[in-house]
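Structural characterization, general
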Amino acid sequence: MVESKRLDAQGIQIEAVEVTYGVGSAESVRALAPVDLSIHAGAFVSLVGPSGCGKSTLLKVLADLMPPTAGAVRIDGAAPSVLRQAGRIGLVFQQANLMPWLTIEKNVCLLRELVRQRKENAGVTESIDIAKLIEIVGLKGFENKLPHQLSGGMQQRAALARALALDPSVLLMDEPFAALDEITRDRMAFELMRIWQQYQKTVIFVTHSLAEAVFLSDRVVLMSARPGRIHRIYEIDLPRPRTEETRLSDAFLMLVAEINRELYKVMHEQVNQ
Ligand SMILES: Nc1ncnc2c1ncn2[C@@H]1O[C@H](COP(=O)(O)OP(=O)(O)OP(=O)(O)O)[C@@H](O)[C@H]1O
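Overview of the structure. Since the model is a prediction, treat every value here as computed from it, not as a measurement. (Residues numbered from 1 in each chain as written. Predicted model: local features only at pLDDT ≥ 70, side-chain atom pairs only at ≥ 80, totals over all residues. Heavy atoms only, no water.)

**Some details on helix H5 (residues 152–164)**
Our working rule: Secondary structure elements are defined from DSSP: runs of H or I of at least 4 residues count as helices, runs of E of at least 2 residues count as strands, and each element is numbered from the N terminus. One fewer than the residue count of a helix, multiplied by 1.5 Å, yields its expected span. Only protein chains enter the area calculation, which uses a 1.4 Å probe; residues under 20% of their type maximum are buried, those over 50% are exposed, and those in between are partly exposed. Note on definitions: a residue-residue contact is assigned when non-hydrogen atoms from the two residues lie within 4.5 Å.
Taking 1.5 Å per residue, 13 residues should reach 18 Å; H5 reaches 18 Å between its end C-alpha atoms and fits that length. Looking at H5, one finds that the buried residues are Gly153, Met154, Gln156, Arg157, Ala158, Ala159, Leu160, Ala161, Arg162, Ala163 and Leu164. Looking at the packing, one finds that the buried side of H5 touches strand E5 (89–92), helix H3 (104–117), helix H4 (130–136), strand E6 (170–174) and helix H6 (182–199).

If you want it as structure tokens, here you go:
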């Protein structure tokens, strides 16, 4: 591990979080039924479930991009709004969204610079070594390149580095590899696992790939169809570090099949509602 775990790391508590879009209007959509979930600091947790079950909505609540209609979230003991102000929430989306005119190194540092410039954050210590971070995400030698000079996978690694540069309390990843081809996607899962082991951040990872979820996670949370609630939590006790052998093991394949079967059940219930 290159950085020590934060002393104030307390993980995430999601308590009775509900979200309804357009409350009071005729078109209101109940996206999340009460969701309760406790995640310990440094855990890697994946959210899976049928399309539209509220995975991204839950991530948005955690990121303080929208308030819950009811319930509350604490991340390392603080409200998401407090952490967002302090720049302690790392976000990675399907698209890297790098600034095309900035070098990779400048892109990686950009959010951290913006956070530091806010006067309420004066004195915030910078515990992440950027040169080391760029090396760990495999972009050493590309610091001065522009985003268009990098492959899609490399751009996603730069986006991951940009989020990690904040030394976040939590890393929220919404289908970060969905736009990549299958081979790159597989490789990125290995890369992410290696990087996560270095930084030991709490990660919440939304994916449609059950194999990706099982391979990466300590826990896989299967959500039910809308309004999303937690249907079942799978503890993934496959040994770490996970390797290519892990993906070929019976234990891995059985877990993926088991979750897949349950996902089909959930989707079937949705169709018959
Ligand atoms: N801004 C919005 N206004 C109204 N309804 C919305 C809004 N955003 C999402 N929804 C609805 O809320 C539900 C949950 O959406 P969300 O994007 O969180 O699901 P998801 O599980 O991430 O879906 P997917 O797996 O397809 O990406 C969906 O029915 C969606 O149509």
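**Things to note about the site of the ligand**
Rules: Whether a residue is near a molecule or strand is decided by its heavy atoms; if any one of them lies within 4 Å of it, the residue is near. In the analysis that follows, any N or O atom pair within 3.5 Å is treated as a polar contact, provided that within protein one partner can donate a hydrogen and the other can accept it, and provided that, for residues neighboring in sequence, both atoms belong to side chains. Using the Shrake-Rupley algorithm and a 1.4 Å probe, accessible areas are obtained, with residue cover drawn only from the displayed protein chains.
Around the ligand, the surrounding shell holds 14 residues, and the nearest of these are Ser51, Lys55, Ser56, Thr57 and His208. Within the backbone of Gly54, an N or O atom sits 3.0 Å from an oxygen atom of the ligand. In the model, an oxygen atom of the ligand is placed 2.9 Å from a nitrogen or oxygen of the Ser56 side chain. Relative to its unbound accessible surface of 630 Å², the ligand loses 64% to contact with the protein. Contributions of two or more residues to the shell around the ligand are made by strand E2 (29–39) and helix H1 (55–62).

**Examining the packing of H3 against H5**
Just so we agree on the cut-off: Every axis in this analysis is a line fitted to C-alpha atoms, fitted for helices over the stretch in contact. Angles between the N-to-C directions lie between 0 and 180 degrees. By convention, the crossing between two helices is left-handed when the near helix turns anticlockwise from the far helix through less than a right angle, and right-handed when the turn is clockwise.
Packing of H3 against H5 leaves a shortest axis separation of 7 Å and a crossing angle of 35°. Note on packing geometry: the crossing formed by H3 with H5 is right-handed. Judged by residue contacts, Ile104, Asn107, Val108 and Leu111 of H3 engage Ala158, Ala161 and Arg162 from H5.

**Side note on the environment of Asp129**
Tracing the backbone shows Asp129 in the loop between H3 and H4. Sequence-wise, Asp129 and Asp167 are 38 residues apart; in three dimensions their C-alpha atoms are separated by 9.9 Å. Within the local environment of Asp129, its side chain forms a polar contact with the backbone nitrogen of Ala131, the two atoms lying 3.0 Å apart. Side-chain polar atoms of Asp129 contact the backbone nitrogen of Lys132, separated by 3.2 Å.

**Section: the side chain of Lys201**
Mapped onto the elements of the fold, Lys201 is located in the loop between H6 and strand E7 (202–206). For Lys201, a relative accessible area of 7% gives the class buried. Here the side chain of Lys201 touches Pro168 through a polar contact of 3.0 Å, landing on its backbone oxygen.

**As for the packing of aromatic side chains**
To be explicit about the condition: Working definition: rings of Phe, Tyr and Trp (its six-membered ring) pair if their centres are within 6.5 Å, and the pair is stacked with planes under 30 degrees apart, edge-to-face with planes over 60 apart, and tilted otherwise.
Tallied over the entire structure, the rule returns 4 aromatic pairs. Measuring from ring centre to ring centre gives 5.6 Å for Phe44 and Trp196, while their planes differ by 85°; the resulting arrangement is edge-to-face. Placement of the pair is Phe44 in strand E3 (residues 44–48) and Trp196 in helix H6, with a sequence separation of 152 residues. Pair check on accessibility: Phe44 and Trp196 agree, each one buried.

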